[in-house]
Amino acid sequence: MSVLTDRINEIIKPENLVYAKSPLLNDDLMHYCPGCSHGVVHRLIAEVIEEMGIQEQTIGVSPVGCAVFAYNYIDIDWQEAAHGRAPAVATGIKRVMPEKYVFSYQGDGDLAAIGTAETFHAVNRGENIVMIFINNAIYGMTGGQMAPTTLVGQITSTTPHGRDVDLNGYPLRITELLAQLPGAAYVTRQSVQTPGAVRKTKKAIRKAFEIQAKKIGTAFVEVVSTCSSGWKLSPVDSNKWMEENMFPQYPLGDLKDTGRADAELYRIKAK
Amino acid sequence: MGELRLMKGNEVIAEAAIRCGCDGYFGYPITPQSEVMETLMTLRPWESTGMVVLQAESEIASIHMVYGAAGAGKRVMTSSSSPGISLMAEGISYIAGAELPCVIVNVQRGGPGLGTIQPSQADYNQATKGGGHGDYSLLVLAPASVQEMHDFVILGFELAFKFRNPVMILADGVIGQLMEKVELIDQRPRWTNEQILEISGEWATLGKPSGRKKNIITSLELDSYMMEKNNLRLQSKYSQMKAEEVRYEAIACEDADYILVAFGSAARICQKTVQIARKKGVKVGLIRPITLFPFPEKIIAEYATKVKGFLSVEFNAGQMVNDIRLAVNGKTRVEYFGRMGGIVPTPDEVETALEQRF
Ligand SMILES: Cc1ncc(C[n+]2csc(CCOP(=O)(O)OP(=O)(O)O)c2C)c(N)n1
């Protein structure tokens, strides 16, 4: 034990450090399962807020879903929204405090099933907020039921024989739909299963927050994610399953990066 | 004396909101209250006071926008009519659970379902018994005039912040559409950021400066003992409301043999009934509850030992009558008369009902 401690202390010297946890992320043990993507994305959000120096100006809105307790981990002010209503809550905050940074953080059930209307209309209004979307193709919190993004054939507790199109319809690519909306400024789809992917996602989140400062419409970042517990796979196998099955259906990359549309394109000709 | 105007009840809600320094309104159109948002949009208060007005995609979105903005310590409100209030029920429960102040106006129409756009008081139980899930209460104000529509917006915000609790103005289609003389308050400034910091800085999400703990707006608590404690705190707040905020009007009750109990526009009809009955030599009085929660049970209990009976007059199938019976506790007779479906009874009809029942 002491040999190990000695060796660790030898490595962890200030001059050897290449990375330190953001002070905005506290030391509480996260409630997430091993292999879950939520924790990584939390860390990236904390780092972006810290690096931009906007801790005092940022308000987060947590969803109902596994990330309901996001407020326990990142040291900023938070509001916990009802299931699906985070974009409306974020709208309310942003409209009365337009000088603040406001972001919502939602799972696929929250954002693309029960809260579809709030999601669409917040983006269509071009609310100057950041929306973070964790797509793990399942309802993690309630024990692994089908999500709108569950793939055809995917087994969940409410599709025990696999998602069947006749019964359940198709996986919803809501991010593609949102990219069509004139209010969207920046729409991107990322992942966090490799160091390279993590770096890209962090860049995307940073860009989303910078767009908010420019007030040019909604910045939307989807993160294709894993749910080892819900998928009943090891963390390593989950990453493999995600790459093989999720990425073809939910291809990574930017879907829109133009700022919101010019209102003149939509204006009536004469009163 | 403030500015005098002839205005519709719904228009006055908008005017009073702007003048009392309200920070935001979020709503969705529905008859018979659409004039509230229409008036706000016409007056463009974002250019004068800085008040935000937003037409949301639904009542669900409206109430959760109110949640967000109220969580930021702002004075915000919404308005709707019966079906829209049903859609808001989950959100109102969250607002009560997270202990946020806001004002919600319900200009009631007849139900159930899509029902009718004619006036009704059929949401009495929904308003006074919470309306959504969980043990919570709204503070419910029942205006009986256009002036009270005005006054209760101002009072509503005061009470909402005193208790950190949603306040409902439970009006009906008559009061919403009625035009009357109203005295308006002079324009008051919206709270400054410094004032908000002082009033709500302990809990509101204003952005976390270093040195203070993060503020979290939530109704979630998975520890049962903590959750029970939260519930007990809410209950003690409701007890305090019962002790401090009961409001009612008692008309001609001192010598009365019979007392009518009615709120909102039903009370105005009953006022006339009192005159008609007294002309006929029947000593009739009227108790008009102004707060429906807390309910004026003490004054009703006091008169229970003095009168031969109470008649509850409501535009519904008999909802408030149960609260009167609880207050009376068997000491005298309590009867109900009402019309449904948007029918407004005449004073004579009420008088006949009184004769028939007693
Ligand atoms: C109105 C309402 N309906 C249902 C639920 C139950 N519920 C809680 S979380 C959840 C799904 C969460 O899944 P998702 O949004 O995909 O997030 P994840 O847990 O996977 O991160 C459901 C159905 C609820 N809390 N409220």
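Scroll up a little and you will see the structure.
Predicted model only: the values in this text are computed from it and were never measured.

A. Up close: the packing of aromatic side chains. Tallied over the full model, the rule gives 11 aromatic pairs over all chains. Both rings, one in Tyr32 of chain A and one in Tyr73 of chain A, keep their centres 6.1 Å apart while their planes meet at 55°; by these two values the pair is tilted. One end of the pair, Tyr32 of chain A, is in the loop between α1 (2–11) and α2 (38–52); the other, Tyr73 of chain A, is in the loop between β1 (58–62) and β2 (77–80), with 41 residues separating them in the sequence. The residues Tyr32 of chain A and Tyr73 of chain A share a single accessibility class, namely buried. Arranged with centres 5.0 Å apart and planes meeting at 45°, the rings of Tyr258 of chain B and Phe358 of chain B form a pair that is tilted. Here the residue Tyr258 of chain B occupies a position in strand β11 (residues 258–261), and Phe358 of chain B occupies one in the segment after α14 (347–357), the gap between them amounting to 100 residues. On the basis of relative accessible area, Tyr258 of chain B is assigned to the buried category, the value being 16%. A connected cluster of aromatic rings, assembled from ring pairs, spans Trp78, Tyr101, Phe103 and Phe209 of chain A. Geometry around Trp191 of chain B places Arg75 of chain B over its ring, the cationic atom sitting 4.0 Å from the centre. Positioned above the aromatic ring of Tyr303 of chain B is the side chain of Lys306 of chain B, whose terminal nitrogen or guanidinium carbon lies 5.0 Å from the ring centre.

B. View of the site of the ligand. Taken together, 17 residues are adjacent to the ligand, and Cys66, Asp108, Gly109, Asp110 and Gly140 of chain A come closest. The environment around the ligand is built from residues contributed by chains A and B. In the environment of the ligand, an oxygen atom lies 2.8 Å from a nitrogen or oxygen atom belonging to the backbone of Asp110 of chain A. Met141 of chain A places a polar main-chain atom, nitrogen or oxygen, 2.9 Å from an oxygen atom of the ligand. Taken by itself the ligand offers 590 Å² of open surface, and the protein chains cover 77% of this. For the shell around the ligand, the element with the most residues is helix α4 (residues 108–114) of chain A, which contributes 4 residues. Of the residues contributing to the shell around the ligand, the split by class is 6 nonpolar, 8 polar and 3 charged.

C. Region of interest: unusual backbone geometry. Residues and elements named next belong to chain B. Going from Thr31 to Pro32, the amide bond is cis rather than trans, its omega being 5°. Within the element layout of this structure, Pro32 appears in the loop between β2 (24–27) and α2 (35–43). Note that the residue after Gly111, namely Pro112, is joined by a cis bond; omega there is 0°. Of note, Arg44 is a non-glycine position whose phi angle comes to about 50°, a positive value. Assessed through its relative accessible area of 40%, Arg44 is described here as partly exposed. The phi torsion at Ala252 lies on the positive side, around 55°, for a residue other than glycine. For Ala252, the position within the fold is in the loop between β10 (248–251) and β11. The exposure class of Ala252 is partly exposed, given its relative accessible area of 27%.

D. Region of interest: empty space enclosed by the protein. All names here are of chain B. Considering all chains together, one arrives at 1 cavity of 30 Å³ or more under this definition. Roughly 50 Å³ of internal volume is contained in the largest cavity. As for the largest cavity, its lining consists of Ile85, Ala89, Ile92, Gln126, Ala127, Gly130, Gly131, Gly132, Tyr136, Leu138 and Met168. At the level of elements, α5 (82–97) and α6 (124–128) are the ones that each hand at least two residues to the lining of the largest cavity. The element best represented in the lining of the largest cavity is α5, accounting for 3 residues. Each residue belonging to the lining of the largest cavity can be placed in one class, and the counts come to 7 nonpolar, 4 polar and no charged.

E. Molecular detail of the sheet that holds strand β4 (residues 130–135) of chain A. If you trace the 8 strands from one edge of the open sheet to the other, you get β7(A)-β5(A)-β6(A)-β4(A)-β3(A)-β1(A)-β2(A)-β9(B), paired in mixed fashion. Edge positions in the open sheet fall to β7 (253–257) of chain A together with β9 (216–217) of chain B, since each of these has one partner strand only. Where β4 of chain A and strand β6 (residues 218–224) of chain A come together, 6 bridges link them in parallel fashion. Opposite Met131 of chain A, over in β6 of chain A, you have Phe220 of chain A as the bridge partner. Most of the contacts of helix α3 (residues 86–96) of chain A go to strand β3 (residues 101–107) of chain A, to which it runs at about 175°, and overall it touches β1, β2, β3 and β4 of chain A. Those strands touched by helix α8 (residues 195–214) of chain A are β1, β3, β4, β5 (184–191), β6 and β7 of chain A, and its axis lies near 165° from that of β5 of chain A.

F. How the structure looks around the interface of chain B and chain A. The partner chain A presents 36 residues to the 34 residues of chain B that form the contact. For the chain B and chain A pair, buried surface summed over both sides reaches about 2700 Å², with 58% attributable to carbon and sulfur atoms. Our count for the chain B to chain A interface comes out at 3 salt bridges. When the shortest N-O distance is used, the salt bridge between Arg125 of chain A and Glu57 of chain B registers 2.8 Å. Our count for the contact surface shared by chain B and chain A stands at 15 residue pairs in polar contact (both at pLDDT 80 or more). Among the elements of the structure, β3 (52–55), α4 (59–71), α5 and β9 of chain B are those that each provide at least two residues to the side of chain B that touches chain A. A total of 8 residues in the side of chain B that touches chain A trace back to one element, the largest contributor, which is α4 of chain B. For the side of chain B that touches chain A, a count of residues per class yields 18 nonpolar, 9 polar and 7 charged. Two strands pair when backbone bridges link them, and β2 of chain A and β9 of chain B are joined in this way by 2 bridges, in the parallel orientation. In the sheet register, Trp78 of chain A faces β9 of chain B, and the bridge partner there is Ile216 of chain B.

G. Geometry of a nonpolar patch on the surface. All names here are of chain A. On the surface, Leu4, Ile8, Ile11, Ile12 and Leu17 cluster together into a nonpolar patch covering about 490 Å² of accessible area. Checked against the element boundaries, Ile8 lands in helix α1. Among the residues examined, Ile8 registers a relative accessible area of 40% and is labelled partly exposed.

H. Seen up close, the layout of surface pockets. All names here are of chain B. The computed volume of the largest pocket comes to approximately 870 Å³. Of all elements in the fold, only α5, β9 and α10 (224–244) reach the threshold of two or more residues within the lining of the largest pocket. The residue makeup of the lining of the largest pocket, split by class, is 14 nonpolar, 10 polar and 8 charged.

I. Highlighting the sheet that holds strand β14 (residues 309–314) of chain B. All names here are of chain B. Judged by pairing direction, the sheet is mixed, and its 5 strands sit side by side in the order β10-β12-β11-β14-β15 without closing on themselves. Each edge of the sheet is formed by a strand with only one pairing partner; in this case those strands are β10 and β15 (333–338). Strand after strand, the sheet turns through a mean of 20° between neighbouring axes, direction not considered. Alignment of β11 against β14, held across 4 bridges, turns out to be parallel. Paired with Leu260 across the bridge in β14 is Leu311. Sheet contacts for helix α11 (residues 264–279): β10, β11, β12 (284–289) and β14; angle to β12, the most-contacted strand, approximately 170°. Against the sheet, α14 makes contact with β11, β12, β14 and β15, and its axis sits at roughly 145° relative to β15, the strand it touches most.

The rules we used
- Note that residues are indexed from 1 along each chain, following the sequence as it is written.
- For this description, chains carry letters from A and ligands carry numbers from 1, given in the order in which they are written.
- Two thresholds apply to this predicted model, a pLDDT of at least 70 for residue-level local features and 80 or more for giving and counting side-chain atom pairs, whereas whole-chain, interface and lining totals are computed over all residues.
- Here the side-chain values reflect all heavy atoms present in the structure, with hydrogen atoms and water set aside.
- In this scheme Phe, Tyr and Trp rings, the latter by its six-membered ring, pair at centre separations within 6.5 Å, and the angle between planes marks the pair as stacked below 30 degrees, edge-to-face above 60, and tilted otherwise.
- The way it works is that DSSP assigns letters per residue, a run of H or I at least four long becomes a helix, a run of E at least two long becomes a strand, and they are numbered from the N terminus.
- For every residue, the accessible area (1.4 Å probe, protein chains only) is compared with the maximum for its type, and the residue is labelled buried under 20%, exposed over 50%, or partly exposed between those bounds.
- Our definition puts a charge over a ring when NZ of Lys or CZ of Arg is within 6 Å of the ring centre and also within 35 degrees of the ring normal.
- Residue proximity to a molecule or strand is established when one non-hydrogen atom of the residue lies within 4 Å of it.
- Throughout this description, a polar contact denotes any pair of N or O atoms lying within 3.5 Å of each other; where both atoms belong to protein, one of them has to be capable of donating a hydrogen while the other can accept it, and for residues adjacent in sequence the pair is counted only when both atoms sit in side chains.
- Under the convention used here, a 1.4 Å probe and the Shrake-Rupley method define accessible areas, while residue burial counts only the protein chains that appear.
- Any residue outside Ala, Val, Leu, Ile, Met, Phe, Trp, Tyr, Cys, Pro, Asp, Glu, Lys and Arg is labelled polar, Gly included; the first ten of those are nonpolar and the last four are charged.
- Lining residues are those with an atom within 4 Å of a point, where the points come from a 1 Å grid over the protein atoms alone and group into cavities, where a 1.4 Å probe fits but cannot get out, or pockets, open sets with protein on both sides within 12 Å along at least five of seven lines.
- Grid points are joined across faces, edges and corners, and a volume is the space filled by probe spheres set on the points.
- Here a strand pair is declared whenever DSSP counts at least two bridges between the two strands.
- Contacts between residues were defined by any pair of non-hydrogen atoms, one from each residue, lying within 4.5 Å.
- For helices, the axis comes from a line fit to the C-alpha atoms of the stretch in contact; other axes are also lines fit to C-alpha atoms, and the angle between any two N-to-C directions lies between 0 and 180 degrees.
- By buried area we mean the combined loss of accessible area, with a 1.4 Å probe, across both parts when two parts are placed together.
- Just to be clear on terms, a salt bridge is a Lys or Arg side-chain nitrogen sitting within 4 Å of an Asp or Glu carboxyl oxygen.
- The patch calculation keeps residues exceeding 30% relative accessible area without a salt bridge and links them within 9 Å when they carry like charges or within 5 Å when they are nonpolar (Val, Leu, Ile, Met, Phe, Trp, Tyr).

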